[in-house]
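Spelled out from the first residue to the last, the chains are:
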Amino acid sequence: MATHLEIPVVGQFLMLLLMVPVAPFRTEMQLQAYSENWWARPVAHILLWALRATLTQDREIWENKIMHKTRNSIKGDWSWTMYDKWLRQFYSPSSLTWSDDLSW
């Protein structure tokens, strides 16, 4: 993911977020910041720190999420059919599952 920022007077910045798989179900997040002007690099580092803080807020949730095929529904719950259909677009029939051999 690349984000382009322009701050008047300070200049342009490019923030890169790379998600690198390091093991089955483990991804490393790499962040880079680039500034148009050498003297604006401290601002780029502050922006990078803010981006890192924002992204790591939900890290524990991302690392432990599981999609359950069955849900504990109670009276008044909405139908999960539309959500399940939307979610399936991110997976193919050949996608790995928890029961597959995940050794690299």
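Residues numbered from 1 in each chain as written. Predicted model: local features only at pLDDT ≥ 70, side-chain atom pairs only at ≥ 80, totals over all residues. Heavy atoms only, no water.

Caption draft 1: Quick look at the environment of Asn64. Mapped onto the elements of the fold, Asn64 is located in helix α2 (residues 59-64). Distance from Asn64 to Phe25, taken between C-alpha atoms, is 9.6 Å for residues 39 residues apart in sequence. (Helix = DSSP H or I, 4+ residues; strand = E, 2+ residues; numbered from the N terminus.)

Caption draft 2: Structural view of the sheet that holds strand β2 (residues 11-23). Judged by pairing direction, the sheet is antiparallel, and its three strands sit side by side in the order β1-β2-β3 without closing on themselves. Edge positions in the sheet fall to β1 (2-7) and β3 (26-35), since each of these pairs with one other strand and no more. Direction aside, neighbouring strands of the sheet carry axes that sit 20° apart on average. As judged from the ten bridges shared by β2 and β3, these two strands associate in the antiparallel manner. Bridge pairing in β3 places Leu18 opposite Gln30. (Pairing = 2+ DSSP bridges. Axes fitted to C-alpha atoms, helices over the stretch in contact; angles between N-to-C directions.)

Caption draft 3: Focus on unusual backbone geometry. Here Val9, not a glycine, exhibits a phi torsion of approximately 75°, which is positive. Mapped onto the secondary structure, Val9 falls in the loop between β1 and β2. Val9 sits in the exposed class, given a relative accessible area of 81%. (Buried < 20%, exposed > 50% of the residue type's maximum accessible area, 1.4 Å probe, protein only.)

Caption draft 4: Quick peek at the nonpolar core. In this structure, Met15, Leu17, Leu31, Leu48 and Leu55 together form the largest nonpolar core, which totals five residues. Breaking this core down by element, the ones donating at least two residues are β2 and α1 (41-56). Filtering out sequence-adjacent residues up to four positions away, Leu55 remains in contact with Leu17, Met29, Leu31 and Trp62. (Core = buried A, V, L, I, M, F, W, Y, C linked by side-chain atoms within 4.5 Å. Contact = heavy atoms within 4.5 Å.)

Caption draft 5: Fine view of the pairing of β2. Of the strand pairs in this sheet, β1 and β2 are connected by six bridges, and their pairing is antiparallel. What sits directly across from Thr3, in β2, is Met15. Where β1 folds back onto β2 in an antiparallel hairpin, the turn is made up of three residues, including Val9, whose phi is positive at roughly 75°.

Caption draft 6: Region of interest: the environment of Asn37. Note on placement: Asn37 falls in the loop between β3 and α1. Here Asn37 falls in the partly exposed class, since its relative accessible area comes to 22%. Each residue touching Asn37, except ones within four places of it in the same chain, is listed here: Val10 and Gly11.

Caption draft 7: α1, seen in detail. The end-to-end C-alpha separation of α1 is 22 Å, in line with the 22 Å expected for 16 residues at 1.5 Å each. All of the buried residues along α1 are Ala44, Leu48 and Leu55. The buried side chains of α1 occupy one side of the element, clustering within an arc of 40° when seen end-on. Residues of α1 that are exposed and point more than 90 degrees away from the buried face comprise Ile46 and Trp49. (Expected span 1.5 Å × (residues − 1). Arc of directions from axis to C-beta.)

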